[in-house]
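Architecture and fold: a report
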Amino acid sequence: METGGSTNKPSGLSREHLEEHYKLYPAVHKAKIKEIEARLIRADTACVDPTYCTLRSLKKEYAYVLNSVRLHDLYFENIGEPGSRPSPELQSLIEQFFGSVQEWEKQFFALALCARGWVVLGFDLRDGKLRNYFTDDHTEGVWSVLPLLVLDVYEHAYCTAFQTRSDYVEKFLKRVLWEIVSRRLRAAREVFKSIQRCFRVSS
Ligand SMILES: [Fe+2]
């Protein structure tokens, strides 16, 4: 049985490990975006059907690769060195919506162990609230939510470098680049202020 000390394994969340991950998915999906966009220009819009048709398949997989690239970009960007802290603004909002940073982390960690794809701390532009979300697939999500902190929990993100998913999530949480997350929150709140009048909040 292979152990965590194997010399063939990259160290978890090291540059080498993250580069391997990048080559495996977002790089491939970036190429697929271009391919699907080219096919969409020529796609048959006359012979369409909700069970199967070319246009439907292309659009479905377009959302899949587009979200994969966007989520991966956010994920790689929010990983840094240990020791980073949320801004006072972010900390205060986390406390408001989760009780404390520890309670938020407890829920985020638990979601990371039961999700099949992604865990996201998101800011909802409809009501200005912070919530944790998870997705089993790149295409799931809530339309009005801007991702602040993104964690990839697909097996490809950790199996080559960690013994367990729990070890991976624990290390990720120590390496969150909170400056980036806090900056995303500031931008999201600015957008929230400017669009409040455009959307009627019903839930
Ligand atoms: Fe990934």
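Conventions used here
Residues numbered from 1 in each chain as written. Predicted model: local features only at pLDDT ≥ 70, side-chain atom pairs only at ≥ 80, totals over all residues. Heavy atoms only, no water. Axes fitted to C-alpha atoms, helices over the stretch in contact; angles between N-to-C directions. Helix = DSSP H or I, 4+ residues; strand = E, 2+ residues; numbered from the N terminus. Parallel < 35°, antiparallel > 145°, perpendicular 65-115°, else oblique. Contact = heavy atoms within 4.5 Å. Nonpolar A, V, L, I, M, F, W, Y, C, P; charged D, E, K, R; others polar. Pairing = 2+ DSSP bridges. Phe/Tyr/Trp six-rings, centres within 6.5 Å; stacked < 30°, edge-to-face > 60°. Buried < 20%, exposed > 50% of the residue type's maximum accessible area, 1.4 Å probe, protein only. Core = buried A, V, L, I, M, F, W, Y, C linked by side-chain atoms within 4.5 Å. Domains from an automatic or database assignment. Donors = N, O, S within 2.8 Å, 3.2 Å for Na, K, Ca; no water. Tetrahedral: all angles 85-135°; square planar, octahedral: opposite > 155°, others 65-115°. Disulfide = S-S within 2.5 Å. Buried area = accessible area lost by both parts, 1.4 Å probe. Salt bridge = Lys/Arg side-chain N within 4 Å of Asp/Glu carboxyl O. Polar contact = N/O pair within 3.5 Å; in protein donor to acceptor, adjacent residues only side chain to side chain.

1. So, the packing of helix H4 (residues 88-98) against helix H7 (residues 178-195)
The contact between H4 and H7 brings their axes to 9 Å, and the two run at 75°. It follows that H4 is roughly perpendicular to H7 by the angle criterion. In this structure, H4 uses Glu-89, Leu-90, Leu-93 and Ile-94 to contact H7, whose residues at the interface are Trp-178, Val-181, Ser-182, Leu-185, Arg-186 and Arg-189. Considered class by class, the residues forming the contact of H4 with H7 number six nonpolar, one polar and three charged.

2. Observations regarding the sheet that holds strand E2 (residues 130-135)
The strand order across the open sheet built from three strands is E2-E1-E3, with neighbouring strands paired in antiparallel fashion. Each edge of the open sheet carries a strand with a single partner, namely E2 and strand E3 (145-152). Mean inter-strand twist for the sheet, computed between neighbouring axes without regard to direction, equals 25°. Of the strand pairs in this sheet, strand E1 (residues 118-124) and E3 are connected by seven bridges, and their pairing is antiparallel. Within E3, the residue paired with Val-119 across the bridge is Leu-151.

3. Some details on the packing of aromatic side chains
For the structure on display, the rule yields ten aromatic pairs. Seen from their ring centres, Tyr-75 and Phe-76 are 5.2 Å apart, and the 55° between their planes marks the pair as tilted. By relative accessible area, Phe-76 is classed as buried at 19%. The rings of Tyr-22, Tyr-75, Phe-76, Trp-118, Tyr-154 and Phe-172 are connected pair by pair, giving a single aromatic cluster.

4. Some remarks on the nonpolar core
Counting 45 residues, the largest nonpolar core has Tyr-75, Trp-104, Leu-130, Leu-151, Tyr-168 and Phe-172 as its most contacted members. If you list the elements that add at least two residues to this core, you get helix H3 (54-77), H4, helix H5 (101-114), E1, E3, helix H6 (165-174) and H7. Each of domain 1 (15-77) and domain 2 (88-195) gives at least three residues to this core.

5. Focus: unusual backbone geometry
Of note in this structure, Leu-13 is not a glycine but carries a positive phi near 65°. Inspection of the secondary structure assignment puts Leu-13 in the segment before helix H1 (15-24).

6. Side note on the pairing of E2
Bridge analysis of E1 against E2 gives six bridges, and the strand direction is antiparallel. Residue Leu-121 lies in a different strand from E2, and its bridge partner there is Asn-132.

7. With respect to the coordination of the iron ion
Coordination sphere of the iron ion, protein contribution only: His-21 (NE2), His-72 (NE2), Asp-152 (OD) and His-156 (NE2), at 1.9 to 2.2 Å. Each of the four donor atoms around the iron ion contributes to a set of angles spanning 92 to 137°, which defines the coordination as irregular. All donors of the iron ion belong to a single chain; written as a sequence motif, their spacing is H-x50-H-x79-D-x3-H. Pair noted here: His-21 is in helix H1 and His-156 is in the loop between E3 and H6, with a separation of 135 residues, a long-range link. In this pair, the class of His-21 matches that of His-156, namely buried.

8. Brief notes about the state of the cysteines
In the structure shown here, the tally under the stated rule is zero disulfides. Cys-47 takes part in no disulfide bond, and the closest cysteine sulfur, belonging to Cys-53, lies 7.4 Å away. Residue Cys-47 is classed as exposed on the basis of its relative accessible area, which comes to 58%. There is no disulfide at Cys-114, and the cysteine sulfur nearest it, in Cys-159, is 17 Å away.

9. Observations concerning the domain arrangement of the chain
Here the chain is described as being made up of domain 1 (15-77) and domain 2 (88-195). For domain 1 and domain 2, the distance between their C-alpha centroids amounts to 23 Å. Listed by partner, the interface residues are 16 residues for domain 1 and 20 residues for domain 2. Regarding the contact of domain 1 and domain 2, the summed buried area is about 1500 Å², with carbon and sulfur atoms giving 64% of it. Per-residue buried area on domain 1 facing domain 2 is highest for His-17, Leu-71 and Tyr-75; these three make up 39% of the total on that side. Connecting domain 1 to domain 2 are one salt bridge. A salt bridge links Glu-77 to Arg-184; its shortest N-O distance comes to 2.6 Å. Between domain 1 and domain 2 we count eight residue pairs in polar contact (both at pLDDT 80 or more) in total. Elements supplying a minimum of two residues to the side of domain 1 that touches domain 2: H1 and H3. Top contributing element to the side of domain 1 that touches domain 2 by residue count: H3, with ten residues. Its residues assigned to classes, the side of domain 1 that touches domain 2 shows seven nonpolar, six polar and three charged.

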